[in-house]
Amino acid sequence: GVKIKPLVAGNWKMNGLKSNLAEFYKMRAGLTDDLAEAVDTMICPPATLIAVLAESSAGGAIALGGQDCHAEMSGAHTGDISAEMLKDAGAKAVIVGHSERRADHGEKDADVNAKAQAAWRAGLTAIICVGETEAERKAGQAVGVVERQLNGSVPDGATAENTVVAYEPVWAIGTGLTPTAGDVEDMHKAMRDNLVTRFAGAGDAMRLLYGGSVKPANAGELMAVANVNGALVGGASLTADAFLGILAAY
Ligand code: PEP
């Protein structure tokens, strides 16, 4: 494989007010030049905070991302946010197809695919999430499910620049449970093979993140797994100590 600069992205979910942004500034202050050289970092705060953080951290080493976008550019979609709006606010990327969106909002692979294309249209990187449920893993279907999600959710035209894929087993999100390093290795190898078959060199260079209960204590082991090119982090991205502790794996 090719040398891939890792990405550690934090997903704040529905957490964060203007009054508690000190953690973000602490993260930024803790990001040394050496660390920034070794690993790309991103925080995906609630959309209400993207512009606030973009304005306060111009040129800062921590990129900003959205957590979801609508597939269309604008229009009669009350409460939705377009990829262009995220870009306008200062985002560089947007998470699409997170399991909480798939579960809470019934998003299907085709919806995720359309959102990823919307991200590209706006000039954002799409961070496309896939991952099996506990029942699917127990039934021995994990790899098949993830391959089906990849085939449906990653649009034609994906490149290493416009797309990041995040493997997030649903049962590992917010639970403190993680797959074994061996299971992560097997899944990431299957994803790599799938993406190389479809996108050749672009698939070989695409970042594959692991997500699900990553914390400082397990980041070193998980980030060392072959074909794991960084992490998507929920809970542990809310405090500077935990987020910087994960970055210490690099
Ligand atoms: C996530 O929701 O993307 C996630 C990985 O959450 P956590 O790290 O809290 O398991």
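All values derive from a computational prediction rather than experimental measurement.

Points about the overall build of the protein chain
Then, number 1: From N to C terminus, the protein chain includes 12 helices and eight strands.
Then, number 2: On C-alpha atoms alone, the protein chain measures out to a radius of gyration of 17 Å, which is about the 18 Å that the 2.2 N^0.38 rule sets for 250 residues.
Then, number 3: The principal-axis extent of the C-alpha atoms belonging to the protein chain is close to 45 × 45 × 35 Å.
Then, number 4: Each of the 250 residues in the protein chain was classed as buried or not, and the buried ones make up 44%.

Considerations on the environment of alanine 172
Then, number 1: Within the secondary structure, alanine 172 is located in the loop between strand 6 (163-167) and helix 9 (181-199).
Then, number 2: As for alanine 172 and serine 213, which are separated by 41 residues in sequence, their C-alpha atoms are 6.0 Å apart.
Then, number 3: Other than its neighbours up to four places away in sequence, alanine 172 contacts Leu177, Thr178, Pro179, Gly212 and Ser213.

Considering the UniProt feature "binding site: substrate" (unreviewed entry) in the protein chain
Then, number 1: In the numbering used here, UniProt assigns the "binding site: substrate" (unreviewed entry) feature to Asn11, Trp12, Lys13, Gly174, Ser213, Gly234 and Gly235. A maximum C-alpha distance of 14.0 Å among these annotated residues, which run over 225 residues, shows that they cluster at one spot.
Then, number 2: Within the fold, lysine 13 resides in the loop between strand 1 (7-11) and helix 1 (22-30).
Then, number 3: Mapped onto the elements of the fold, serine 213 is located in the loop between strand 7 (207-211) and helix 11 (216-223).
Then, number 4: Residue serine 213 is classed as buried on the basis of its C-beta count, with 21 C-beta atoms lying within 10 Å.
Then, number 5: Sequence-distant contacts of serine 213, that is, excluding residues within four places in its chain, are made with Ala172, Thr175, Gly176, Leu177 and Thr178.

A few points about the sheet that holds strand 1
Then, number 1: A barrel is described by the order of its strands in space; here eight strands give the closed sequence 1-2-3-4-5-6-7-8, paired in parallel fashion. Direction aside, neighbouring strands of the sheet carry axes that sit 25° apart on average.

A closer look at the pairing of strand 8 (residues 230-233)
Every regular strand shows the same layout, with side chains that alternate between the two sheet faces.
Then, number 1: Of the two faces of strand 8, both are covered, the one formed by Gly230 and Leu232 as well as the one formed by Ala231 and Val233.
Then, number 2: As paired strands, strand 1 and strand 8 are joined by four bridges and run parallel to one another. Residue pairing for strand 8: alanine 9 is matched across the bridge by leucine 232.
Then, number 3: Where strand 7 meets strand 8, two bridges bridge the pair, whose relative direction is parallel. Paired with glycine 211 across the strands is leucine 232, a residue of strand 8.
Then, number 4: Following the backbone out of strand 7, through helix 11 and into the adjacent parallel strand 8, one traces a crossover that is right-handed.

Considerations on the nonpolar core
Then, number 1: In terms of nonpolar packing, the biggest core is built from 66 residues, with Val94, Ile127, Ile128 and Ile246 touching the most fellow members.
Then, number 2: Ranked by residues supplied to this core, first place goes to strand 5 (residues 125-130) with five residues.
Then, number 3: Beyond its immediate sequence surroundings of up to four residues, isoleucine 127 is in contact with Ala9, Gly65, Ala93, Val94, Ile95, Val96, Val164 and Ala166.

A few points about the packing of helix 6 (residues 109-121) against helix 8 (residues 142-153)
Then, number 1: The contact between helix 6 and helix 8 brings their axes to 7 Å, and the two run at 45°. The angle between helix 6 and helix 8 places the two elements in the oblique class. Handedness of the crossing formed by helix 6 with helix 8: right-handed. Across the interface between the two elements, Asp109, Ala110, Val112, Asn113 and Ala116 of helix 6 pack against Gln149, Gly152 and Ser153 of helix 8.

A look at the confidence of the model for the protein chain
Then, number 1: Within the protein chain, residue pLDDT values average 96, and 98% of them lie at 70 or more.
Then, number 2: Note on the complex model: pTM 0.98, ipTM 0.97.

Looking at the UniProt feature "active site" (unreviewed entry) in the protein chain
Then, number 1: Mapped onto the present numbering, the UniProt feature "active site" (unreviewed entry) falls at His98 and Glu168. In terms of the greatest pairwise C-alpha distance, the residues named above, spread along 71 residues, form a tight cluster of at most 8.4 Å across.
Then, number 2: Residue class for histidine 98 comes out buried when judged on the 27 C-beta atoms lying within 10 Å of it.
Then, number 3: Each residue touching histidine 98, except ones within four places of it in the same chain, is listed here: Gln67 and Cys129.
Then, number 4: In this fold, glutamate 168 is placed in the loop between strand 6 and helix 9.
Then, number 5: Residue classification places glutamate 168 among the buried residues on the basis of 26 C-beta atoms within 10 Å.

So, how was this worked out
Residues numbered from 1 in each chain as written. Predicted model: local features only at pLDDT ≥ 70, side-chain atom pairs only at ≥ 80, totals over all residues. Helix = DSSP H or I, 4+ residues; strand = E, 2+ residues; numbered from the N terminus. Rg over C-alpha atoms; globule rule 2.2 N^0.38 Å. Buried ≥ 20, exposed ≤ 12 C-beta atoms within 10 Å, placed from the backbone. Contact = placed C-beta atoms within 7 Å. UniProt positions renumbered as here; feature names shortened; annotations may be inferred. Pairing = 2+ DSSP bridges. Axes fitted to C-alpha atoms, helices over the stretch in contact; angles between N-to-C directions. Right-handed = clockwise from strand over helix to strand, strands pointing away. Core = buried A, V, L, I, M, F, W, Y, C linked by C-beta atoms within 7 Å. Parallel < 35°, antiparallel > 145°, perpendicular 65-115°, else oblique. Left-handed = near helix turned anticlockwise from the far one by under 90°. pLDDT = per-residue confidence, 0-100.

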